[in-house]
Amino acid sequence: MRKIRKRSGFAALLVSALLLAPAMLAAQSSVEPGFNLFSVEQEIEIGRESAREVESQLPLLNDRSVEAYVDAVGQRLAVEAPHGDYPYQFEVLNVADVNAFALPGGFMYLNRGLVETVRNESELAGVLAHEIAHVVEGHSAEQIGRVRTANTGLLLASVLLGGLPDPAKPAIQVGGAAAFSAYSRDAEREADRVAVDLLVRAGIDPRGLVGFLEGMLEMRSRRPSAVEQWFSTHPTMDSRVDEVRATVGRIPSSRLEGLQRDSREFRAIKRRV
Ligand code: ZN
């Protein structure tokens, strides 16, 4: 008797989870784009858990000098970011695809393939600045919100049945997947604009971002599979490159003069990868 009641309670929970899911989906879908649902602390917690998830699935390069160099360039840009509350860290994955991605809270990943592809320090810094901008502008957290919305039915059922106490938990579960979902064109535009500003503040030539994007477009025609992940997450077309070029063109040439394009450290790293 007891057993049956228990089972029917379980069924009722499951049914209510399934019934509630569409309503919750509708409610959450109406959230304005650009609205970040998480506090900075939650973003960092989600990012940290997602980073663990990423590193359990993808190999780190494990080359201290390459990692230290990439982290140093990243930190140089991150200190110029408007919201300094994120514990930025930059890791290099031993993956051949030319890609980079940012998790909420400032956990950033670059693939070895990207380090092999960039031609000078300002191109590397260009892509790092772009990824930092996605974090600063809350795009990475928005992605999690979107992916979470799409999975609300499932997650709600797991909350009800498994009793997850922490409201950030469901977001953590989809954090890794979110890093591989697409940013909007508006988010790309905004991230490029913020990136150019970060680069100039850090004393690095923002034309490196233009060079990086041109290189990606060129590579798409030569080796499309190598850059597939980048293009599926960061919409990149000729018009985008033109816009970045125009943004840079509005900076007085006296400010661009003498900005850093390359370094001996960069060339040493290139010989290692
Ligand atoms: Zn992007």
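Novice: Would you explain the side chain of E91 in this entry?
Specialist: By the element assignment, E91 lies in strand β1 (residues 89–93). Although E91 lies buried, it forms no salt bridge, and the closest oppositely charged side chain, R64, sits 9.9 Å away as judged by the N-O distance. What E91 contacts, discounting residues up to four positions off in sequence, is E55, L60, E67, M108, Y109 and L110.

Novice: It is not clear to me how the coordination of the zinc ion should be interpreted in this structure. Could you clarify?
Specialist: Any two of four tetrahedral donors ideally make an angle of 109.5 degrees at the metal, while pairs among six octahedral donors ideally make 90 or 180 degrees. Surrounding the zinc ion are the protein donor atoms H130 (NE2), H134 (NE2), E188 (OE), E188 (OE) and H234 (ND1), which sit 1.9 to 2.4 Å from the metal. Owing to a relative accessible area of 1%, H130 belongs among the buried residues under this scheme.

Novice: Could you clarify how one ought to interpret helix α3 (residues 64–78) in this entry?
Specialist: A turn of α-helix holds 3.6 residues, and therefore any two residues three or four places apart point the same way. For α3, with 15 residues, the first-to-last C-alpha span of 20 Å sits near the 21 Å given by 1.5 Å per residue. Turning to α3, its buried residues are V66, E67, Y69, V70, V73, G74, L77 and A78. The inward-facing, buried residues of α3 abut β1, β3 (107–111), α5 (121–136), α9 (185–201) and α14 (264–272).

Novice: Can you help me understand the packing of α3 against α14 in this one?
Specialist: Pairs of packed helices are described in terms of their axes, by the angle between the two and the distance that separates them. Across the interface, α3 lies against α14 with an axial gap of 10 Å and an inter-helix angle of 140 degrees. One way to sum up the angle between α3 and α14 is to call them oblique. Here α3 runs over α14; the crossing is left-handed. Between α3 and α14, the contacting residues are S65, V66 and Y69 on the first element and E265, F266, I269 and R272 on the second. Taken together, the residues of the contact of α3 with α14 break down into four nonpolar, one polar and two charged.

Novice: Just checking my understanding: could you explain the pattern of salt bridges for this structure?
Specialist: If the charged atoms of two oppositely charged side chains come close together, the side chains can form a pair. Tallied over the entire structure, the rule returns 16 salt bridges. Put simply, R189 and D186 hold a salt bridge, and the shortest N to O gap is 2.9 Å. In this pair, R189 and D186 both sit in helix α9, three residues apart, roughly one turn of the helix. Classification of R189 as partly exposed rests on a relative accessible area of 41%.

Novice: Mind showing me how you'd approach the confidence of the model for the protein here?
Specialist: Reading predicted coordinates in detail is not appropriate for stretches of low pLDDT. On average, residues of the protein score 80 in pLDDT, and 73% of them reach the 70 mark or higher. Element-level mean pLDDT values for the protein span from 39 in helix α1 (residues 2–29) up to 97 in α3. Of the regions scoring below 50 in pLDDT, residues 152–174 engages in 43 contacts with residues more than four places distant in sequence or in other chains.

Rules behind the numbers
- Residues numbered from 1 in each chain as written.
- Predicted model: local features only at pLDDT ≥ 70, side-chain atom pairs only at ≥ 80, totals over all residues.
- Heavy atoms only, no water.
- Helix = DSSP H or I, 4+ residues; strand = E, 2+ residues; numbered from the N terminus.
- Buried < 20%, exposed > 50% of the residue type's maximum accessible area, 1.4 Å probe, protein only.
- Lys, Arg positive; Asp, Glu negative; His and termini not counted.
- Salt bridge = Lys/Arg side-chain N within 4 Å of Asp/Glu carboxyl O.
- Contact = heavy atoms within 4.5 Å.
- Donors = N, O, S within 2.8 Å, 3.2 Å for Na, K, Ca; no water.
- Expected span 1.5 Å × (residues − 1).
- Axes fitted to C-alpha atoms, helices over the stretch in contact; angles between N-to-C directions.
- Parallel < 35°, antiparallel > 145°, perpendicular 65-115°, else oblique.
- Left-handed = near helix turned anticlockwise from the far one by under 90°.
- Nonpolar A, V, L, I, M, F, W, Y, C, P; charged D, E, K, R; others polar.
- pLDDT = per-residue confidence, 0-100.

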